Amino acid sequence: DYYEFVRSFKQLQIEKGIFDKEEAAVISVKKIVTMLKSPLGKRMVSAAENQLLYKEQQFSAGIKPSELDNNLPNTDDLIIVQGIIDAFFSEDGEIVLMDYKTDHADEATIKGRYNAQMEYYARILEQLTGCKVKSQIFYSFYLGKEISLESHETKD
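In this report, we go over the structure that sits alongside the text. These figures come from a predicted structure and were not determined experimentally.

Of regular secondary structure, the chain possesses 6 helices and 5 strands. Reading the helices (α) and strands (β) of the chain from amino to carboxyl end gives α-α-α-α-β-α-β-β-α-β-β. With the principal axes as the frame, the chain shows a C-alpha extent of 55 × 35 × 30 Å. The buried share of the chain, taken over its 156 residues, is 37%. Considering only contacts in the chain between residues 6 or more positions apart, those separated by 24 or more positions represent 58%. Surface accessibility of the chain: about 9700 Å² in total, with carbon and sulfur atoms responsible for 49%. In the chain, which carries 19 positive and 26 negative side-chain charges, the distance between the mean positions of the two groups comes to 6 Å.

Structure, rendered in structure tokens:
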């Protein structure tokens, strides 16, 4: 039962001190279960069962300034970019990159707000893993659905 699993997991996080009771109170078990039962959630569960799901992965990578913004100089200097990727998993030898969003926003707004972030994450994941990112997906808890971006193409 997904509901019992999520409730138990939430309680365990409180006991571990990851969340306090006030933080845990705003976490919707129903919304998490909806995500787990979605096509994306099922793909994630399958990847987890095969030990191919990676969550909250920290990274540090160097990116040329011109890759961040065309108006910046095209030099060999690197800007260090750090972040945390919500989740990614391997599927058929390629990577599915995903990012959770809780914004109270429509699909177009989420894409507009976070497209650049996803592009950087995809580029960095390809650099670090040597594997192609075949899809980039936001999961909107507010909308209760996945939002796919166009296929990522590596820039050589």
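Alright, that's what it looks like, and here's the rest.
This part takes up unusual backbone geometry. Negative phi characterises most residues that are not glycine, and trans characterises most peptide bonds. The phi torsion at E56 lies on the positive side, around 45°, for a residue other than glycine. As for its position among the elements, E56 is in strand β1 (residues 53-63). The exposed category is assigned to E56, whose relative accessible area is 62%. The backbone of D92 shows a phi angle near 55°, a positive value even though the residue is not glycine. Structurally, D92 can be placed in the loop between β2 (79-91) and β3 (94-101).

All right, on to the sheet that holds strand β5 (residues 145-148) then. Strand pairing in a sheet relies on backbone hydrogen bonds. The paired strands run either parallel or antiparallel. Pairing is mixed across the open sheet formed by 5 strands, whose spatial order is β1-β2-β3-β4-β5. Lying at the two open borders of the sheet, with one neighbouring strand each, are β1 and β5. Looking at each pair of strands side by side, their axes are set apart by 40° on average, direction ignored. As defined by bridge partners, β1 adjoins β2 across 10 bridges and the pair is classed as antiparallel. The residue bridging F59 from the neighbouring strand is G83, located in β2. Sitting on the sheet, helix α4 (residues 39-49) is in contact with β1, β2, β3, β4 (133-140) and β5, with an inclination near 90° to β2.

This next bit is on a nonpolar patch on the surface. On the surface, a cluster of nonpolar side chains totalling about 300 Å² of accessible area is made up of F5, F9 and L12. Of note, L12 is situated in helix α1 (residues 2-15). Exposure remark for L12: the relative accessible area of 36% places this residue in the partly exposed category.

Before going further, it helps to examine the pattern of salt bridges. Scanning the entire structure with this criterion turns up 8 salt bridges. One salt bridge in this structure joins K101 and D99, with 2.5 Å as the shortest N-O distance. Residues K101 and D99 agree in their burial class; the two are buried. Of the charged contacts, one joins R113 and D103 as a salt bridge, the two residues approaching to 2.7 Å between their closest N and O atoms. Taken together, the positions of R113 in helix α6 (residues 107-129) and D103 in the loop between β3 and α6 put the pair 10 residues apart, joining distant regions of the chain. For D103, a relative accessible area of 15% translates into the label buried. Residues participating in the shared-partner salt-bridge network are R43, E91, D92 and K134.

So, how was this worked out
- Residues numbered from 1 in each chain as written.
- Predicted model: local features only at pLDDT ≥ 70, side-chain atom pairs only at ≥ 80, totals over all residues.
- Heavy atoms only, no water.
- Helix = DSSP H or I, 4+ residues; strand = E, 2+ residues; numbered from the N terminus.
- Buried < 20%, exposed > 50% of the residue type's maximum accessible area, 1.4 Å probe, protein only.
- Contact = heavy atoms within 4.5 Å.
- Areas by Shrake-Rupley, 256 points an atom, 1.4 Å probe, with all protein chains shown as cover.
- Lys, Arg positive; Asp, Glu negative; His and termini not counted.
- Charge placed at Lys NZ, Arg CZ, Asp CG, Glu CD.
- Pairing = 2+ DSSP bridges.
- Axes fitted to C-alpha atoms, helices over the stretch in contact; angles between N-to-C directions.
- Patch = residues over 30% accessible without salt bridge, like charges linked within 9 Å, V, L, I, M, F, W, Y side chains within 5 Å.
- Salt bridge = Lys/Arg side-chain N within 4 Å of Asp/Glu carboxyl O.

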